[in-house]
Structure formats: structure tokens, C-alpha cells
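An overview of the molecular structure
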Amino acid sequence: MRKIVIIGGGAVGSSIAYHLASHPGFSGQITVVERDPTYRIASSSLSASSIRQQFSTPLNIAMSRFGFEFLRTGAERLEVDGDQPALGLTHSGYLFMASESGLDVLRENHAVQRAEGADVALLSPGEISARFPWISTEGVAAASFGLSREGWFDGPALLAAFRRKARSLGVAYVARDAVGLARAGDRVTGVVLADGVELACDVAVNAAGPWSARVAAWAGIDLPVRPKKRMVFVIACRTKLPGCPMVIEPGGICMRPEGAVYICCRSPGADEPDPDEPPLEVDETMFHDMMWPVMAARIPALEELKLTSSWAGYYEMNLFDHNGIVGAHPAAPNLIHATGFSGHGIQHSPATGRGVAELIAEGGFRSLDLSPLGCERLVEGRRLVERAIL
């Protein structure tokens, strides 16, 4: 009987556990090690939980396509004892706006998306105004708008559903901290827990998210993934914004509805500090000084917004090329990494889980070839750059 130990029980780790346990070609024991079963600071719990096809790399577009279909049918897929989870999938597009300086990149990304079959439209300023009259197009040269298969969902509900379904299929969850790997030569033979217990394994999976570089280091691997703090602000607006999609302002500020309110976020610019693993404390100065003025200029109704709450979580940022890392590293061939998604991990967790399950059960990717995300590119210095990172 094969023994698989997955380090990290967030959306990616639990998706892997579910897909592997339900794979007809797998027979064995699956254990998920999750140090915090409350998921208090897990990226899956703190994510804005949105899904889009508007990426710059074909593989990410394909992963999102599968992810959206999975969410659409997830209630049936993840049913346990007749109880179907409510994943809260909302069908609404992303509106990526570009200034004149960003127009070439927008067009190039749009061409890739169209070539991959994404249902996206390139809008002129006049067409933006016609669809969304509450948006000011001052300084906007064009926008790319997702017409279908984009939106947002209940991320914590998806995580809980993956976990519950996996456990119903026999997956064991261990609420302890992994602190090391037992090895024989270049192979991992077990995962060592903080209390000294060693979980023997034939394959280990590193799905530790923002902390995955620490797990990789136990095998002597330098994984370029770091925890980067990202803040989400919740605002209320008196004026209705009919049909509001996910709005991405040319400078990178994002905003979308969340029930009766709106959530918005912004990543630091290239010239701003972005330290590794800072405390998860919200700095409202960013909102008041760097976001609100820009948002109010773009959407005049937001001049009268009210900041109602906020939170902070970690991106598992892949510093190498902002793309996921999926596969084994030559230094440890039975340690599979599934991390580094740089903000799009939860939307790609269904495709990642299916792919890693195929890799373990069948020895290779079958449904969707995830090999471009493999560790070989790290060793060879060959970047697969994702330009559409939010």
C-alpha cells in the first residue's frame, strides 16, 4: 500500500487529497498534515476568492477554465451523505483597464486569451461607458472584459468542501506541525512532526503555501517562494453600481462587489517595500493615501464611500516568474511541490489537485499537461512569466 503525506491542508493540499483519494488508479493511504485546523491565517481563508481567464499564459487560462467548471458543478462533485456545499459562484467578468502606456500589453494578453478560446472582449472607452456609465474613462485607452467564465466564489466554503469530501474518502488529517523530512539518499522516506513522530511515506507533497520554501529547504532545495502580505479593504457605497464586475484600474487597484458591499485591494509597486512574512497587520494608510483618491477619480460615486473593515493575508509569491510550481525537483524526486501561485492558487486548486493526483497515481499528467510549471525551469533558469498578476 502506497503512503502519501501532504504537508499543508489548504485549498491546494486538500484538493490534491480529494482528487487522489477519488482517483480510480490509486490505492493507498493519504495523510494531510495541517498545523492549524482553524485555518486562521491560511491563504485559502483570507483570499478574495475570484476566478478569471484573463491571464497572459495559455496554461493558466486552461487551469482557470477547468476551475470555473469545477466550481459550477462543485456541489455535486463534493457532496457528502446527500449534503451539497454552497460554493457561492457568482458569474461576473473582470474589467482590465489600460492607459496608453499599458495598451500593448493589454492587447498582447487579449490575443493570447482569444487564441485559447477565452470569451473576452476588447472595449474602447466609449464601449466601457456604454456598459458601465458610472466609470470614468479619463486616461483609459481600452479595456479587456470577460464575458463569461469569470467571477468570484466562497473560498472558505471550497476549502471546507474539499476537506470534508477528502475525509469521507478515507483521507486522514493530522493537526500537527511538520518540522522536517526523513531521507535516504535523495529520496524522502517520511515527514517528521514537532512531537517527534515520523509519518512514513512513498511520496511527500509540499503544499505549504507561503511557507513552502521552508519545507523545500528540508530537502536542500532553494524554492523561490516567499510570504508577501496583501491587504483587503471592505467599503460601503451609497450609490448603486449596476452590473459591477471585478474592476482593475490601470494602476492595479482592484475592486469588486461582495454582497451589499465592495472589497478592494492593491499590490505594492516595484519601488515600494514588500518584505517577506511581515506581521498580518492592516495599514489603513495605504487605503486612505494611495487607493481612495484613485478609486474616487475612476468611480465618482466612491467619493462618499465608507471603510467598514479590512484584513490581511499572505500571497505565496513565486519571485522567479510569478507562476505556480508543480512537480518534483531533481534533488528529491519523490517530493512533489504544488505552490508559488502568486495570488491565483485557490482558483487553480481544482486543476492543481487533479494534476498532482494524476502524477502520483499514473506517473504523469493526463487531463492537462502541467509540466511547464515544473521545477526544471527553476534549475535551468527558464522563466514562464505571468504578466497578469494582481
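Structure report, in brief. Since the structure is predicted, the reported quantities are computational estimates derived from the model, not experimental observations. (Residues numbered from 1 in each chain as written. Predicted model: local features only at pLDDT ≥ 70, side-chain atom pairs only at ≥ 80, totals over all residues. Heavy atoms only, no water.)

Brief notes about the sheet that holds strand E12 (residues 198-200)
The strand order across the open sheet built from three strands is E10-E11-E12, with neighbouring strands paired in antiparallel fashion. Unpaired on one side and paired on the other, strand E10 (178-184) and E12 mark the two borders of the sheet. Neighbour-to-neighbour, the strand axes of this sheet turn through a mean angle of 30°, independent of strand direction. Here E10 runs beside strand E11 (residues 187-193); their pairing, made up of six bridges, is antiparallel. Within E11, the residue paired with Ala-184 across the bridge is Arg-187. (Pairing = 2+ DSSP bridges. Helix = DSSP H or I, 4+ residues; strand = E, 2+ residues; numbered from the N terminus. Axes fitted to C-alpha atoms, helices over the stretch in contact; angles between N-to-C directions.)

Brief notes about the layout of surface pockets
Considering only enclosed or pocket space, the second largest pocket measures out at about 780 Å³ in volume. Considering the residues around the second largest pocket, the lining is formed by 33 residues, among which Gly-252, Arg-387, Ala-388, Ile-389 and Leu-390 are closest to the centre. Taken together, the elements giving at least two residues each to the lining of the second largest pocket come down to strand E5 (94-98), helix H5 (103-115) and strand E18 (306-318). At five residues, H5 tops the list of elements feeding residues into the lining of the second largest pocket. Its residues placed into classes, the lining of the second largest pocket shows 14 nonpolar, 13 polar and six charged. (1 Å grid on protein atoms, 1.4 Å probe; cavity = no way out; pocket = protein on both sides within 12 Å on 5 of 7 lines; lining within 4 Å. Points joined across faces, edges and corners; volume = space filled by probe spheres on them. Nonpolar A, V, L, I, M, F, W, Y, C, P; charged D, E, K, R; others polar.)

Details of empty space enclosed by the protein
Going through the model one piece at a time under the given rule, you end up with one cavity of 30 Å³ or more. In this structure, the largest cavity encloses a volume near 70 Å³. Taken together, Val-247, Glu-249, Ile-253, Cys-254, Met-255, Met-295, Arg-298, Ile-299 and Leu-302 form the lining of the largest cavity. For the lining of the largest cavity, the secondary-structure elements that each account for two or more residues are strand E16 (254-258) and helix H9 (284-298). Residues that form the lining of the largest cavity fall into these classes: seven nonpolar, no polar and two charged.

Looking at the nonpolar core
Residues Ile-6, Leu-158, Val-205 and Ile-360 are the most contacted members of the largest nonpolar core, which totals 49 residues. Looking at this core, the elements with two or more residues in it are strand E1 (2-7), helix H1 (11-21), strand E2 (28-33), helix H3 (58-72), helix H7 (155-168), strand E13 (203-206), strand E20 (332-339) and helix H10 (349-362). At seven residues, H3 tops the list of elements feeding residues into this core. Leu-123, Phe-145, Met-231 and Ala-301 belong to the second largest nonpolar core, which has 31 residues in total. (Core = buried A, V, L, I, M, F, W, Y, C linked by side-chain atoms within 4.5 Å. Buried < 20%, exposed > 50% of the residue type's maximum accessible area, 1.4 Å probe, protein only.)

Thoughts on the packing of H1 against H10
The relative placement of two packed helices comes down to the angle between their axes together with the axis-to-axis distance. Following both chains from N to C, one finds H1 and H10 inclined at 50°, their axes separated by 7 Å at the closest point. Judged by the inter-axis angle, H1 sits oblique to H10. Two packed elements cross with a definite hand, and for H1 against H10 that hand is right-handed. Of H10, the residues touching H1 (which contributes Ala-11, Val-12, Ser-15, Ile-16, His-19 and Leu-20) are Ser-349, Pro-350, Thr-352, Gly-353, Arg-354, Val-356, Ala-357, Ile-360 and Ala-361. (Parallel < 35°, antiparallel > 145°, perpendicular 65-115°, else oblique. Left-handed = near helix turned anticlockwise from the far one by under 90°. Contact = heavy atoms within 4.5 Å.)

Notes on the packing of aromatic side chains
Counted according to the given criterion, the structure contains ten aromatic pairs. Ring plane angle 15° and centroid distance 6.0 Å describe the contact between Tyr-94 and Phe-96, whose orientation is recorded as stacked. Three or more aromatic residues link up through ring pairs in this structure, and these residues are Tyr-18, Phe-66, Phe-70 and Phe-162. Sitting above the plane of the Trp-211 ring, Arg-35 keeps its charged end 4.6 Å from the centroid. (Phe/Tyr/Trp six-rings, centres within 6.5 Å; stacked < 30°, edge-to-face > 60°. Lys NZ or Arg CZ within 6 Å of the ring centre and 35° of its normal.)

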